[in-house]
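# Descriptive structure summary
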Number of protein chains: 2
Amino acid sequence: MDEFLEAAIEEAKKGLTEGGIPIGSVLVIDGRIVSRGHNRRVQKGSAVLHAEMDCLENAGRLKASDYRRGTLYSTLSPCDMCSGAVLLYGIPKVIIGENRTFLGPEDYLRSRGVQTIVVNNRECCQLMKKFINEHPELWNEDIGR
Amino acid sequence: MDEFLEAAIEEAKKGLTEGGIPIGSVLVIDGRIVSRGHNRRVQKGSAVLHAEMDCLENAGRLKASDYRRGTLYSTLSPCDMCSGAVLLYGIPKVIIGENRTFLGPEDYLRSRGVQTIVVNNRECCQLMKKFINEHPELWNEDIGR
């Protein structure tokens, strides 16, 4: 498996062991992971730290030219907020673990020129299916439902 | 002037006195301000805490039914990320101080059913014009340019 997606899955599992929602993300620039993150809704009582946002936050203040060479990995299809962050910073490529348990605005990302690839990874899907089944209310809160 | 926009402007000014980017936001539910925020890029070294995001984060974990009754005020036209957060949580209404110094995806918000109103407030505009003139590199960083 892609080592970067593997790192994102590690982040998702870390979130799960903390009692959080198992979604992970890494930002790769020039073939190197520059930042990692996972959903912190439970851990930090956060409404904005989805995995991708946590990853971008942990990356700190990067230059526009850094983002422009970046690939954002996420174990789950990015929601409207996280997709918006990708657009804000002009990140040109997103690799998505799965989009079966949740489908974000992937077509909109593509229409705005972001290369958006879904790999349909079984482990990503199983992590979310189990979590949603066990904590539906928490999951709904995370996606504003 | 609208007391809620006035509160958002107060937040913008608070940001400025902290050495930050002068953009403020408040979230109003049932005619009451439930949360306030301002851009924290400089103050917290944050890549995600735009004013609207800071405001949503300060609101804590709300219910979907709370967001659905909300109006988000911002002194400046929300960027892709902040607009995405509005869509994620299904906030039905956004009041924008000005969109002359920066124009976010307002038409996209409208196409997704968000009532989006621009009031073209002179003070909001002057705050940003002065800031952009004095700190162009910081402003460009904040919008991924």
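Every chain is numbered on its own, with residues counted from 1 as its sequence reads. A letter from A marks each chain and a number from 1 marks each ligand, given out in the order of writing. Only residues with pLDDT of at least 70 get local features here, since the model is predicted, and only at 80 or more are side-chain atom pairs given and counted; chain-wide, interface and lining totals rely on the full set of residues. Hydrogen atoms and water are omitted, and side-chain values are computed over all heavy atoms in the structure.

Right, let's talk about the overall build of chain A for a bit. Put simply, DSSP H or I for four residues or longer makes a helix, DSSP E for two residues or longer makes a strand, and each gets a number counted from the N terminus. Along chain A, the regular secondary structure elements total eight helices and five strands. Within these notes, the globule rule equals 2.2 Å times the number of residues to the 0.38 power, and the radius of gyration is based on C-alpha atoms. In terms of overall dimensions, chain A is globule-like: its C-alpha atoms have a radius of gyration of 14 Å, near the 15 Å expected for 145 residues. Taken over the C-alpha atoms alone, chain A extends approximately 40 × 30 × 30 Å along its principal axes. When each of the 145 residues of chain A is scored for burial, the buried share is 61%. Of all intrachain contacts in chain A linking residues separated by at least 6 positions in sequence, the fraction that spans at least 24 positions is 52%. Values of accessible area rely on a 1.4 Å probe in the Shrake-Rupley scheme; residue burial ignores everything except the protein chains shown. Within the structure as shown, chain A displays about 5,900 Å² of accessible surface, and the carbon and sulfur contribution to it stands at 45%. We count Lys and Arg on the positive side and Asp and Glu on the negative side, and we leave His and both chain ends out. In this description, the location of a charge corresponds to atom NZ of lysine, CZ of arginine, CG of aspartate or CD of glutamate. Charged side chains of chain A number 19 positive and 20 negative; the gap between the two group centres comes to 4 Å. Three labels apply to residues, based on accessible area from a 1.4 Å probe with only protein chains included: buried if under 20% of the type maximum, exposed if over 50%, partly exposed otherwise in between. Every residue pair with non-hydrogen atoms within 4.5 Å of one another is taken to be in contact.

What follows concerns the UniProt feature "domain: CMP/dCMP-type deaminase" (unreviewed entry) in chain A. UniProt positions are given in the numbering used here, feature names are shortened, and annotations may be inferred rather than shown by experiment. The UniProt record annotates "domain: CMP/dCMP-type deaminase" (unreviewed entry) at residues 1-116 of chain A. Taken end to end, residues 1-116 of chain A is 41% helix and 24% strand, and its two terminal C-alpha atoms sit 18 Å from one another.

The next point concerns the relation of the copies chain B and chain A. Here the copies were fitted onto each other by least squares, based on C-alpha atoms from residues at pLDDT of at least 70 in both. Its rotation angle being 180 degrees, the transformation that places chain B on chain A also includes 0.0 Å of axial translation and leaves an RMSD of 0.0 Å. The superposition operator between the copies reduces to a two-fold rotation axis. When the interface residues of chain B are mapped onto chain A, 100% of them are again interface residues, pointing to one common binding face.

A few words on helix H1 (residues 3-17) of chain B. All names here are of chain B. To estimate how far a helix should reach, multiply one less than its number of residues by 1.5 Å. Taking 1.5 Å per residue, 15 residues should reach 21 Å; H1 reaches 21 Å between its end C-alpha atoms and fits that length. Taken together, the buried positions of H1 are Phe4, Leu5, Ala7, Ala8, Ile9, Glu11, Ala12 and Gly15. Looking at the buried residues of H1, the elements they touch are strand S1 (24-29), strand S2 (32-38), helix H2 (41-44), strand S3 (70-76), strand S4 (93-98) and helix H7 (122-134). We define a polar contact as two N or O atoms separated by no more than 3.5 Å, with the added condition that, inside protein, one atom must be a possible hydrogen donor and the other a possible acceptor, whereas residues neighbouring each other in sequence contribute only through side-chain atom pairs. N-capping of H1 is provided by aspartate 2, with a side-chain oxygen placed 2.7 Å from the backbone N of phenylalanine 4. Glycine 19 occupies a position one or two residues after H1 and carries a positive phi of about 90 degrees.

Turning our eyes to something else, we now look at the packing of helix H3 (residues 51-59) of chain B against helix H5 (residues 80-89) of chain B. Residues and elements named next belong to chain B. Only the contacting stretch of a helix is used when fitting its axis, a line to C-alpha atoms as for every element, and angles between N-to-C directions run 0 to 180 degrees. Relative to each other, H3 and H5 sit at 35 degrees, their axes nearing to 8 Å. Contacts between H3 and H5 pair Glu52, Met53 and Leu56 from the former with Met81, Cys82 and Ala85 from the latter. Basically, the charged four are Asp, Glu, Lys and Arg, the nonpolar ten are Ala, Val, Leu, Ile, Met, Phe, Trp, Tyr, Cys and Pro, and anything else, Gly included, counts as polar. For the contact of H3 with H5, the class distribution of residues is five nonpolar, no polar and one charged.

Interface size is commonly expressed as the accessible surface area that is lost when the partners come together. Taken together, the contacts link 33 residues of chain B with 33 residues of chain A. Here the quantity called buried area is the accessible surface, traced with a 1.4 Å probe, that two parts lose on coming together, added over both. A combined buried area of about 2,700 Å² lies between chain B and chain A, and 56% of that area is made up of carbon and sulfur atoms. Ranking the residues of chain B by area buried against chain A places Arg61, Asp80 and Leu88 of chain B at the top, with a combined share of 25%. Each salt bridge in this description consists of a side-chain nitrogen of Lys or Arg and a carboxyl oxygen of Asp or Glu lying within 4 Å of one another. Counting across the interface, chain B meets chain A through four salt bridges. Across the pair arginine 112 of chain B and aspartate 80 of chain A runs a salt bridge whose closest N-O atoms are separated by 3.0 Å. Linking chain B with chain A are 18 residue pairs in polar contact (both at pLDDT 80 or more). Among the secondary structure elements, those contributing two or more residues to the side of chain B that touches chain A are H2, H3, helix H4 (64-67), H5 and helix H8 (136-142) of chain B. With seven residues, the top contributor of residues to the side of chain B that touches chain A is H5 of chain B. Tallied by class, the residues present in the side of chain B that touches chain A amount to 18 nonpolar, six polar and nine charged.

We now examine the sheet that holds strand S3 (residues 70-76) of chain A. Residues and elements named next belong to chain A. DSSP bridges decide pairing: two strands pair if at least two such bridges lie between them. Strand order in the open sheet formed by five strands is S2-S1-S3-S4-S5, with mixed pairing between adjacent strands. Two strands close off the open sheet at either side, each with one partner strand: strand S2 (32-38) and strand S5 (115-118). Strand-to-strand twist of the sheet, defined as the mean angle between neighbouring strand axes without regard to direction, takes the value 15 degrees. Relative to S2, strand S1 (residues 24-29) is paired through six bridges, and the arrangement is antiparallel. Within the sheet, the bridge partner assigned to glycine 24 lies in S2 and is histidine 38.

Turning our eyes to something else, we now look at the pairing of S1 of chain A. All names here are of chain A. Counting buried positions along S1 gives six out of six residues, so the element sits mostly inside the fold. Here S1 shows no split at all, with Gly24, Val26 and Val28 on one side and Ser25, Leu27 and Ile29 on the other all buried. The turn joining S1 and S2, which pair antiparallel and follow one another in sequence, is formed by two residues; a positive phi near 55 degrees is taken by aspartate 30. Pairing analysis gives five bridges linking S1 to S3, with the strands arranged antiparallel. If you follow valine 28 over to S3, its bridge partner there is threonine 71.

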